[in-house]
Amino acid sequence: MRTSLTDRRRWTVEQKLAVLRDAFGPQGCVRTAIERHDVGSGSIYTWRRQAMSGELGGARLPIGPAFAEVQISEPPALSAPPVAAAFGGLIGIDLPSGIRVLVDAKVDADALARVIGVLTR
């Protein structure tokens with residue numbers, strides 16, 4: 001175990017990638033990689049983050065926009081879906097999307113309206 005800051009090791013990109021393969025590869029284990037390569041866990045996770053962002057090889061990916069344009073509009077008015085004939089105490093509702101909803105005659109109308117609203121989006 002290193003005890004002094006002057007003992008810090010310089011890792012090449014290839015060495016870092018080898019450590020990452022040992023830590024996160026198919027048979028990988030972070031603890032085993034730490035012991036095998038005498039590296040700290042903080043370094044392993046920093047290198048993984050850098051590898052995933054493209055920074056490990058020295059290239060930095062351009063930072064994308066932090067905000068996206070949003071437009072708010074009025075929701076479309078929903079027309080009543082066609083209702084199929086009732087049979088056996090059930091009501092069949094055929095939605096334009098091809099979805100068929102079967103409900104009991106005692107269904108809560110507000111809950112049904114919410115369900116149909118979600119299904120017709």
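Structure: above.
So, a few notes on the structure that sits alongside this text. Just so it is clear, the structure is predicted and the values come from calculations on it, not from any experiment.

With respect to the environment of His37
Alright, step 1. Residue position: His37 is located in helix α2 (residues 30–37).
Alright, step 2. For His37, a relative accessible area of 18% translates into the label buried.
Alright, step 3. With 21 residues separating them in the primary sequence, His37 and Lys16 have C-alpha atoms 9.8 Å apart.
Alright, step 4. Once you skip the residues sitting within four places of it in the chain, His37 turns out to touch Arg9, Trp11, Ala18, Val19 and Asp22.

Observations concerning the nonpolar core
For soluble globular proteins, nonpolar side chains are generally found buried alongside one another.
Alright, step 1. Trp11, Val19, Leu20, Ala23, Val30, Ala33, Val39, Ile44, Trp47 and Leu56 together form the largest nonpolar core, which totals 10 residues.
Alright, step 2. Where this core is concerned, the elements lending two or more residues are α1 (13–24), α2 and α3 (41–53).
Alright, step 3. A per-element tally of this core places α1 first, with 3 residues.

Notes on the pattern of salt bridges
Alright, step 1. Considering all chains together, one arrives at 2 salt bridges under this definition.
Alright, step 2. A salt bridge links Arg36 to Asp22, with the nearest nitrogen and oxygen atoms 3.1 Å apart. With Arg36 in helix α2 and Asp22 in helix α1, this residue pair connects regions lying 14 residues apart in the sequence.
Alright, step 3. On the basis of relative accessibility, which here comes to 54%, the residue Arg36 falls in the exposed class.
Alright, step 4. Between Arg100 and Asp94 there is a salt bridge whose closest N-O contact spans 3.1 Å.
Alright, step 5. For Arg100, a relative accessible area of 40% translates into the label partly exposed.
Alright, step 6. On the basis of relative accessible area, Asp94 is assigned to the partly exposed category, the value being 30%.

The rules we used
The residue numbering used here restarts from 1 in each chain and proceeds along that chain's sequence as written. Residue-level local features of this predicted model are given only where pLDDT is at least 70; pairs of side-chain atoms are given and counted only at 80 or more, and the full residue set underlies all totals for whole chains, interfaces and linings. In computing side-chain values, all of the structure's heavy atoms are included and hydrogens and water are not. In this description a helix means any DSSP run of H or I spanning at least four residues, a strand means any run of E spanning at least two, and both kinds are numbered starting from the N terminus. Only protein chains enter the calculation, and the probe is 1.4 Å; a residue is then buried if its accessible area is under 20% of its type maximum, exposed if over 50%, and partly exposed in between. Between two residues, a contact is recorded if the distance between any of their heavy atoms is within 4.5 Å. For this analysis, a nonpolar core means a set of buried residues of the types Ala, Val, Leu, Ile, Met, Phe, Trp, Tyr and Cys, connected via side-chain atoms within 4.5 Å. We define a salt bridge as a contact between a side-chain nitrogen of Lys or Arg and a carboxyl oxygen of Asp or Glu at a distance within 4 Å.

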